[in-house]
Amino acid sequence: MHAWLTWLGAVLLAEQSFGDVDLYREWVRDGLRLGWWPVVDEAWVYPAAALLPMLVPAVVGTDAYLPYALAWCALVAALNAVAVAALLRRRHGETAVLWWMTFLLLLGPAAIGRLDAVVAPLSVLALLGALRRPRVAAALVTLGAWVKVSPGAAIVPLALAARRPWRDVVAPAAAVCVVVVGSVAALGGLPRVTSFVAEQGQRGLQIESVAATPWLVVGLWSDAVRRYLNKPLVTFEIAGPGTQTTADALGALLVVGFAAAAALLWWCRRRDGARFWSDDALRLDLVLRGALLMALVLIVLNKVGSPQFMTWLAPPVAVALAHGLPRWGRVAAAVAGAAFVTQVAYPWFYADVVRGGTVVTLLLAARNVALLALLVATVVRLLRPAAGEEDSPADGRTARLPWPPRRGAGPGAPSGAVGGEPPEQVRA
């Protein structure tokens, strides 16, 4: 799968889909040759730690595009291999890995040709250790946030599911922040360490974003809506009556939506009471649905709508499938379908999106509506009391996830035993 996406993105559709990777190469080349680094010497659209994965492929050189692009793809494949190995240690790991690889295949070159491809496997590893290794999980999502922001949203459900949130989640996250900010400050870039926030504020309403959908559709028949290239940020945006007001409002709405999602998760934990702390499957489900909810909020209420955003949805789905948690099948199908439509729109028919082609525009609009519907469905699912589910243990005993996550019991072990230990009940 990685070989196919590497050939597709780095070779066949390089100009259409791997332009960001070439930008990474140029930034690193200028830094190594001229000593001029993003964040340190100038404001940057990415957080400071994004330089770390960009530097790794530089071992093959930064003079030519193709060697650097191939090295980038090798880095992504290696990180995904680590995440795959971790998923396979869970009871339903094969199902999770098959779904995840299929998802990446459906998403296409954007699944490996962006920074999001680096942080996705980090998010998988973090969510796999959410209950047993919350400190490691918090450190991983915080490091991911300093690469591409989005993984940091999972810190909220991680903190809510931790027995000692300040010690096990907040402290490790703060330690990572101190290391990153301290490193940037030592290099003289402290005034620009948060410049990525201001850079995002200069954007208009991107044509692929969920919020742009009404204008995207109206633009098929109206000359009042136009699509244009934002040259400094190299993104296509949409302009029409109310678009700039909407783009400005989304900045505040995103904060409000994030706070509302956090409040909902806190309420769910309070509602479940003592059972929340005795039922590992219930806790993990809250973490994963919470991570999915936060990712959907970041996508739906965002004025940007880049194709790689779909990778934000994959880690919680893959981890839920690996543990065999109930009621994730339709979510997995919906996310995979959204990935496929995203690849159709970008890179294959992106020129038609920009020109206002009817079929691909309506497909993109349908995907955006589906993402909004998935957000609503996730909220509804969280609002339903867990105690009333038909999949709860009939005898009232606590449900626990199998641990340690080793596959295959010994020949004399009881049915359902893990590594020869007594079988543990799983909500399924």
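Everything below is about the structure shown above.
Position labels on residues start from 1 in each chain and follow its written sequence. Residues qualify for local features only when their pLDDT is at least 70, as the model is predicted, and side-chain atom pairs are given and counted only at 80 or more; totals for whole chains, interfaces and linings, by contrast, use all residues. Excluding hydrogens and water, the side-chain values take into account all heavy atoms of the structure.

1. A look at the packing of aromatic side chains
Worth spelling out the cut-off: Only Phe, Tyr and Trp rings are paired, with Trp represented by its six-membered ring, and only when their centres lie within 6.5 Å; those with planes under 30 degrees apart are stacked, over 60 edge-to-face, the remainder tilted. Each helix is a run of H or I in the DSSP string that is no shorter than four residues. Each strand is a run of E no shorter than two, and both are numbered from the N terminus.
Applying the stated criterion across every chain, the model contains 13 aromatic pairs. Summarising the aromatic geometry, the rings of Tyr24 and Trp27 are spaced 6.4 Å apart at their centres and angled 25° between planes, so their arrangement reads as stacked. Here Tyr24 and its partner Trp27 are both found in helix α3 (residues 19-34), three residues apart, which amounts to about one turn of the helix. One aromatic cluster is present, built from ring pairs that chain together Tyr24, Trp27, Trp44, Tyr46 and Trp72.

2. With respect to empty space enclosed by the protein
Here is the rule: Cavities and pockets are defined on a 1 Å grid built over the protein atoms alone: a cavity is a set of grid points where a 1.4 Å probe fits but cannot escape, while a pocket is an open set with protein on both sides within 12 Å along at least five of seven lines, and lining residues are those with an atom within 4 Å of any such point. Grid points are joined across faces, edges and corners, and a volume is the space filled by probe spheres set on the points. Residue polarity follows a fixed list, in which Ala, Val, Leu, Ile, Met, Phe, Trp, Tyr, Cys and Pro are nonpolar, Asp, Glu, Lys and Arg are charged, and the others, Gly among them, are polar.
Scanning all chains against the criterion turns up six cavities of 30 Å³ or more. Taken as a whole, the largest cavity holds about 190 Å³ of empty space. Per element, the largest residue contribution to the lining of the largest cavity is five residues, and it comes from helix α7 (residues 116-128). Residue composition of the lining of the largest cavity, by class: 14 nonpolar, three polar and one charged.

3. Comments concerning the nonpolar core
For clarity, the threshold we go by: Among buried residues, those of type Ala, Val, Leu, Ile, Met, Phe, Trp, Tyr and Cys that are joined through side-chain atoms within 4.5 Å constitute a nonpolar core. Relative accessible area decides the class of each residue, using a 1.4 Å probe on protein chains only: under 20% of the type maximum gives buried, over 50% gives exposed, and in between gives partly exposed.
Membership of the largest hydrophobic core comes to 112 residues, with the highest contact counts inside it found for Met54, Leu87, Trp99, Trp100, Phe103, Leu313 and Trp328. The leading source of residues in this core is helix α14 (residues 280-300), at 16 residues. Judged by nonpolar contacts, the second largest core, of 16 residues, contains Ile207, Val225, Tyr346 and Tyr350.

4. Considering the packing of helix α1 (residues 2-12) against helix α5 (residues 65-87)
For clarity, the threshold we go by: Axis definition: a line fitted to C-alpha atoms, limited for helices to the stretch in contact. Angles are taken between N-to-C directions and run from 0 to 180 degrees. Each angle receives one of four descriptions, namely roughly parallel if under 35 degrees, roughly antiparallel if over 145, roughly perpendicular if within 65 to 115, and oblique otherwise. With the far helix as reference, a near helix turned anticlockwise by less than a right angle produces a left-handed crossing, and one turned clockwise produces a right-handed crossing. Note on contacts: a residue pair qualifies if any of its non-hydrogen atoms lie within 4.5 Å across the two residues.
Viewed as axis vectors pointing N to C, α1 and α5 meet at an angle of 150°, and their least axial separation amounts to 10 Å. With respect to α5, the element α1 is oriented roughly antiparallel. Of the two elements, α1 crosses α5, and the hand of that crossing is right-handed. Together, His2, Thr6, Gly9, Ala10 and Val11 of α1 and Tyr65, Leu66, Ala69, Leu70, Cys73, Val76, Ala77 and Asn80 of α5 make up the contact between the two elements. Here the contact of α1 with α5 is built from residues that sort into nine nonpolar, four polar and no charged.

5. Thoughts on the pairing of strand β3 (residues 235-239)
Here is the rule we go by: Each pair of strands is called paired provided DSSP finds at least two bridges between the two strands.
Of all five residues that make up β3, four are buried, and the element is covered over most of its length. Bridge count between strand β1 (residues 205-206) and β3: two bridges; the pairing is antiparallel. Across the sheet, the residue bridging to Leu205 is Ile238, located in β3. Two elements, strand β2 (residues 226-230) and β3, share five bridges in a ladder whose sense is antiparallel. Paired with Tyr228 across the strands is Glu237, a residue of β3.

6. Describing a nonpolar patch on the surface
Definition in use: Residues qualify for a patch when their relative accessible area is over 30% and they have no salt bridge, like charges being joined within 9 Å and the nonpolar side chains of Val, Leu, Ile, Met, Phe, Trp and Tyr within 5 Å. The method behind every accessible area is Shrake-Rupley, applied with a 1.4 Å probe, and residues are considered shielded solely by the protein chains displayed. In what follows, salt bridge is the name for a side-chain nitrogen of Lys or Arg lying within 4 Å of a carboxyl oxygen of Asp or Glu.
A cluster of nonpolar side chains, contributed by Trp4, Trp7, Val11, Leu12, Leu66, Leu70, Leu105, Trp348 and Phe349, occupies part of the molecular surface with about 860 Å² of accessible area. When residues of the nonpolar patch are traced back to their parent elements, those giving at least two are α1 and α5. The element that contributes the greatest number of residues to the nonpolar patch is α1, accounting for four residues. Looking at the secondary structure, you find Leu105 in helix α6 (residues 93-107). Its relative accessible area of 38% is what places Leu105 among the partly exposed residues.

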